[in-house]
Every structure is written in structure tokens, then in C-alpha cells.
Amino acid sequence: MSAPTRDSLLDDATLEAYFDATIAAGHRIEPRDWMPEGYRNGLIRQIAQHAHSEIIGMQPEGDWLLAAPSLRRKAILLAKVQDEAGHGMYLYSAAETLAADRADLTDKLIERRQKYSSIFNYPTLTYADVGVIGWLVDGAAICNQVPLCRSSYGPYARAMIRVCKEESFHQRQGYELLMTMMGGTPEQRAMVQDAVDRWWWPSLMMFGPPDDDSPNTAQSMKWGVKRHTNDELRQRFVDMSVPQAEFLGVTLPDPELTLDPESGHYRFGAIDWAEFKRVIAGEGPCNDERIARRRAARDDNAWVTEAATAYAEKQP
Amino acid sequence: MSDMTAEGGKNTPSSPPLASSGRAPGRGRRDWPLYEVFVRGKRGLNHVHVGSLHAPDDEMAVHAARDVYTRRNEGVSIWVVKAEHISASSPDEKDPMFAPNGDKVYRHPTFYEIPDTVPHM
């Protein structure tokens, strides 16, 4: 039995004023601080979605582990896929400080009650896809994640710092893979161009719906959970990617892509938001396969965790 | 003092339990305790909290901590401790707990005036 705490003696308005002042001062919110339910639930939703993306994100590239063209590429890809698992774990750890439960979150993913990034519902058709995922998909993830290192919620920001340190390796290995293929045969160059054609638009969709169709953005920015709007980050990604594509010698599949000399930004064509919504709704090329495999991983491996539990219970 | 864990976890006050998925609780991972993980970055530094994980026992917790938190020479030593065994101060104790830092200025070296001409001080 403990004495009444400060929190139990103060009304919600006073507590919320403390909370708002902490964020206004640029300080972090930590797990045991009082926080509005909307802040807690919004963070759980965002962090869980992020964690699920890391875990599901192992699958498209994992498909190439046994078909990597050399031992060197295989070792690199294995390390990268292992990192994605680690990133998922950092993020579930952060979600758990908000009173979420890891096993519950996994169940919600498998039951399609929580989402993951739409990008992982596209197939990896050739080995060039591994390179393009590293360059574009991980590049887009870096654009999204670097500002999240300053997220107002301490455990999330700290998890993102660890993630970002490792993402740099992911992007560079992808770009190097593509440079190697572009220095190869005409067939290899065509494979790279084909992969770029297929992944460019889905990569732009990774930043989420446009600002005028993103209902959570304003509140997320007020609370310091997000630091930039979806469209700002998308623009930053396009501006970074165009010169990288030029260096590589590939064409980005957008005839409207032009440099606007006044703003210094690249203007790009309209994104097919209908496709984005279809994929989010579960009708992408690989949604069913991704979820089925995650479900199998949970169910088929349950005996391992049960055996470990039984062993632990027998220890003195 | 309260019975709260270090980073919170499921026992965080003011956190209603989340709705269960309805899946029957098995004797598997769902029941594994929460461990907090601390890593010594290199010799000469303190162990620093890096995150948490679930494991069936202490030994497995160390192995899992190694895989999750030290894939790139981030550490030379790992501590794991069940979150339930950590006692922590509460946010509402902030003022009385840490007040001495503010009103005992003589605990800081800048409190003492020493002429600049004194060497090596």
C-alpha cells in the first residue's frame, strides 16, 4: 500500500499543463510521466506499426538469402536482415514502456488489426531488388527516422538513434551493390533499371498520405512525436535521390521530374494514392503471403518458447 | 517508494491494460518476465541502460541481450535484471528527492573562490 502520489492528487488539467510545459521546453517525456491518453495511444500505434514494418521487412530480402550471388553478398544480406529483427526488438521494447505487450502487438499484426509499411507488400523479383531496397527503401526510412531521433518520447527517440546508426550500413550496401551491377553486363544494368522502375513510386508512398489527407499529423507535431510533415520528408527524399540516380546512371520513372530553379527542389509527378490505399487495405501483391509467414513463425515456433519456459521452471 | 519498474512496462501507473487479443494465454513467451538490459560500452565506463527484452530465465536473457543490443562491438559486458526487481524513485518525488542539488551549493567546486595565481587548482 503506497501513499497517494502527486498524480493522484492533481487534476488532469494541471497534469496536462505540466506535460505541455515539458514538451514546450524541448524536454523528453519519460515512461513514468503522466501523459494524455491520446499521446500514449498514438505513440503505441506509431511505434507498433514501425516495429511491425521492421519485422515484416525481413521477408522480401530474406527471400534472397539462399540465392545471393556470392558468400560476401550473402554475409552482408544476412547481417542486414538480422539488423531488421533487432530494430523491431528495440521498437517493441519502446512500445512496452507505454504498457503495451509485445505478444499482444504481434497478435494484432497477424490479425490485421495493426498495420505495417505498405512497401513490404511488393515482391523482390530479382537480386537487383535487394540493392534498390537498400538504396531507396532504406533511404526513405532514414529520411523518416532521423527526425524521430528528436521525438518527444524518450524511449522512442533512443530506439531511433540506435536504428539510424545501423541504417547507414543498409543504404550504403545497397548502393554499392547497384554500382557493381551497373558496371556489369547490359543485362545487369537492365535488371537495375527494372528494379528502380518498380520500387520508385512505392518508395515515395512510404512517407504516407499527403498533408491535406493526413488527419493525425497536426496533433503528432504539436506533441513533438513527429517533427516534419509527410510531404516535407517526401520532398527531402526526392531531392536526395535524383543526384544519386544520375550518378548511378539509372532513370527515375517519372517524366515530370524536373528541377525547379526558384526553390531548388525537384518537382515530381502525381502519386497514385488509389494504389497506396489498396495496398494498405490488404490488396497489395504480397499482403497475404507476408502475414501468413509471420503467423507460421509464431505458431510453428511456439514449441521452442514453451520448451524454454519448461526448462526455466525446472531450474532451482 | 513505489513498486514501479524502471522504465515502466506493464505495471506503469495510469496505464489501463490493453484489450487482450482473445488468444488463450499459453505457457510460452507471453509469460516470460521483462528484463532491463545494461551494457558497458568499453572498459572504464559505467553500464548504461539500453532497453528491455523478455526471456524465460537469466541465462537466456543475457544471450538475447547480446544478440539484440551488441551486434557491433557496442559493449564488453552486459547486465540483465528482472524489471520487477528494480526499485525507482517516482516522478512525483522529484522535488524532495533531488532538492539537495539546489540548496547545497557548497558541494560544487565553483562555490570556492581561489585566486587565479594559485597554480594547478
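What comes next concerns the included structure. Each chain has its residues counted from 1, running along the sequence as written. Each chain is given a letter, starting from A, and each ligand a number, starting from 1, according to the order in which they appear as written. Thresholds applied to this predicted model are a pLDDT of at least 70 for local features of residues and 80 or more for the giving and counting of side-chain atom pairs; totals over whole chains, interfaces and linings are not thresholded and use all residues. Here the side-chain values reflect all heavy atoms present in the structure, with hydrogen atoms and water set aside.

### Comments concerning the overall build of chain B
And then number 1: We count a stretch as a helix when DSSP gives it H or I for four or more residues in a row; a strand needs E for two or more, and each element gets its number in order from the N terminus. The secondary structure content of chain B amounts to three helices and three strands.
And then number 2: With a 1.4 Å probe rolled over the protein chains alone, any residue whose accessible area is under 20% of its type maximum counts as buried; one over 50% counts as exposed, and the rest are partly exposed. Expressed as a percentage of the 121 residues in chain B, the buried residues total 31%.
And then number 3: Residue pairs at least 24 apart in sequence account for 50% of intrachain contacts in chain B once pairs closer than 6 positions are excluded.
And then number 4: Carbon and sulfur atoms provide 55% of the accessible area of chain B, an area that totals close to 8200 Å². Only heavy atoms enter the contact rule, under which two residues are in contact if any of them lie within 4.5 Å. Accessible surface is estimated by sampling points in the Shrake-Rupley manner with a 1.4 Å probe; for residues, cover comes only from the protein chains shown.

### Here we look at the packing of helix H8 (residues 154-182) of chain A against helix H11 (residues 230-248) of chain A
Residues and elements named next belong to chain A.
And then number 1: Relative orientation of the contacting elements H8 and H11 amounts to 30°, with a least axis distance of 10 Å. Considered as vectors, H8 and H11 are oriented roughly parallel to each other. Contacts between H8 and H11 involve Gln171, Tyr175, Leu178, Met179 and Met182 from the first element and Gln244, Phe247 and Leu248 from the second.
And then number 2: Note on residue classes: Ala, Val, Leu, Ile, Met, Phe, Trp, Tyr, Cys and Pro are nonpolar, Asp, Glu, Lys and Arg are charged, and everything else, Gly too, is polar. Counted by class, the contact of H8 with H11 contains six nonpolar, two polar and no charged residues. Interaxial angles span 0 to 180 degrees and are taken between N-to-C directions of axes, which are lines fitted to C-alpha atoms, for helices over the stretch in contact. Roughly parallel here means an angle under 35 degrees, roughly antiparallel means over 145, roughly perpendicular means 65 to 115, and every remaining angle is called oblique.

### Side note on the nonpolar core
And then number 1: If you look at the biggest cluster of nonpolar residues, it comprises 52 residues, and the most contacted ones within it are A:Trp135, A:Val192, A:Trp199, A:Trp200, A:Phe237, A:Val250 and A:Leu252.
And then number 2: By residue number, the principal contributor to this core is helix H7 (residues 128-148) of chain A, which donates 10 residues.
And then number 3: Excluding its chain neighbours within four sequence positions, the residues that come into contact with A:Trp199 are A:Ile119, A:Tyr122, A:Pro123, A:Thr124, A:Asp129, A:Val132, A:Ile133 and A:Val137.
And then number 4: In these notes, a set of buried Ala, Val, Leu, Ile, Met, Phe, Trp, Tyr and Cys residues joined through side-chain atoms within 4.5 Å is what counts as a nonpolar core. Core analysis: the next-biggest nonpolar cluster, separate from the first, contains 41 residues, A:Ile29, A:Tyr90, A:Cys149 and B:Val37 among them.

### A short note on the sheet that holds strand S3 (residues 77-82) of chain B
Residues and elements named next belong to chain B.
And then number 1: Note on pairing: DSSP must find at least two bridges between two strands before they are called paired. Spatial ordering of the open sheet is given by S2-S1-S3, a layout of three strands whose pairing is antiparallel. On the outer flanks of this sheet lie strand S2 (47-54) and S3, each paired with one strand and no other. Averaged over all neighbouring strand pairs, the angle between strand axes comes to 25°, with direction disregarded.
And then number 2: Pairing between strand S1 (residues 34-40) and S2: seven bridges, direction antiparallel.

### With respect to the environment of A:Gln235
Residues and elements named next belong to chain A.
And then number 1: Relative to the helices and strands, Gln235 is located in helix H11.
And then number 2: Spatially, the C-alpha atoms of Gln235 and Tyr266 are 7.6 Å apart, while their sequence positions differ by 31 residues.
And then number 3: Here Gln235 is in contact with His265, Tyr266, Arg267 and Phe268, once residues within four sequence places are set aside.

### Things to note about the packing of H7(A) against H8(A)
All names here are of chain A.
And then number 1: Direction vectors running N to C along H7 and H8 enclose 150°, while the axes themselves pass 7 Å from each other. Comparing their axes, H8 and H7 come out roughly antiparallel. Helix-helix and strand crossings are classified by hand; for H7 and H8 the assignment is left-handed.
And then number 2: For the contact of H7 with H8, the class distribution of residues is 16 nonpolar, nine polar and two charged. Take the far helix as the reference: if the near one is turned anticlockwise from it by less than a right angle, the crossing is left-handed, and if turned clockwise, right-handed.

### Some thoughts on the packing of aromatic side chains
And then number 1: Aromatic pairing here means that ring centres of Phe, Tyr or Trp (its six-membered ring) are within 6.5 Å. Orientation follows from the plane angle: under 30 degrees is stacked, over 60 is edge-to-face, and everything else is tilted. Tallying each qualifying case throughout the model produces 14 aromatic pairs over all chains.
And then number 2: Ring plane angle 80° and centroid distance 6.3 Å describe the contact between A:Phe19 and A:Trp34, whose orientation is recorded as edge-to-face. With A:Phe19 in helix H2 (residues 12-24) and A:Trp34 in the loop between H2 and helix H3 (37-56), the pair connects residues that are 15 residues apart, well separated along the chain. For the residue pair A:Phe19 and A:Trp34, the accessibility class agrees, reading buried in each case.
And then number 3: Seen from their ring centres, B:Phe111 and B:Tyr112 are 5.0 Å apart, and the 85° between their planes marks the pair as edge-to-face.
And then number 4: Using a relative accessible area of 43% as the deciding quantity, one classes B:Phe111 as partly exposed.
And then number 5: Ring pairing ties together the aromatic residues A:Phe19, A:Trp34, A:Tyr39, A:Tyr153 and A:Trp223, which thus form one cluster.
And then number 6: Counted as over-ring charges are cases with an Arg CZ or a Lys NZ within 6 Å of the ring centre that also lie within 35 degrees of the ring normal. The ring of A:Tyr90 has A:Arg162 sitting right over it, with the charged end atom 5.2 Å from the ring centre.

### What about the environment of A:Glu96?
Residue and element names in this part refer to chain A.
And then number 1: When you line up the elements, Glu96 lands in helix H5 (residues 71-96).
And then number 2: Relative accessible area serves as the criterion here: at 3%, Glu96 is assigned to the buried category.
And then number 3: Taking C-alpha positions, Glu96 is 9.6 Å from Ala48, a pair spaced 48 residues apart along the chain.

### A look at helix H13 (residues 287-300) of chain A
Residues and elements named next belong to chain A.
And then number 1: Here H13 contains 14 residues, and its C-alpha end-to-end distance of 20 Å stays within 8% of the 20 Å for a straight helix at 1.5 Å per residue.
And then number 2: Taken together, the buried positions of H13 are Asn287, Arg290, Ile291, Arg294 and Arg298. The arc enclosing the buried residues of H13, seen along the axis, measures out at 90°, which places them on a common side. The outward face of H13, more than 90 degrees from its buried face, is lined by the exposed residues Asp288 and Asp300. By this rule, a helix spans an expected 1.5 Å times one less than how many residues it contains. Taking the helix axis as origin, the arc is that swept by the directions to the C-beta atoms.

### Observations concerning unusual backbone geometry
And then number 1: A positive phi angle, near 80°, is found at A:Ala99, a position not held by glycine.
And then number 2: Accessibility expressed as a relative area gives 9% for A:Ala99, which makes it buried.
And then number 3: The residue B:His120 is not glycine, and still its phi comes out positive at about 55°.
And then number 4: On the secondary structure map, B:His120 appears in the segment after helix H3 (100-103).
And then number 5: For B:His120, a relative accessible area of 84% puts it in the exposed group.

### Concerning the pattern of salt bridges
A side chain with one charge may pair with a side chain of the opposite charge, provided their charged atoms come close.
Residues and elements named next belong to chain A.
And then number 1: The rule for a salt bridge is simple: a side-chain nitrogen of Lys or Arg has to be within 4 Å of a carboxyl oxygen of Asp or Glu. Under the definition given, this model contains 25 salt bridges over all chains.
And then number 2: Linking Arg158 and Glu30 is a salt bridge whose minimum nitrogen-to-oxygen distance equals 3.0 Å. Pair noted here: Arg158 is in helix H8 and Glu30 is in the loop between H2 and H3, with a separation of 128 residues, a long-range link.
And then number 3: With a relative accessible area of 37%, Arg158 lands in the partly exposed category.

### Let's talk about the side chain of A:His170
Residue and element names in this part refer to chain A.
And then number 1: Position of His170 relative to the elements: it lies in helix H8.
And then number 2: Judged by its relative accessible area of 0%, His170 is buried.
And then number 3: For His170, the residues in contact, after removing those within four places along its chain, are Lys80, Asp83, Glu84, His87, Gly134 and Asp138.

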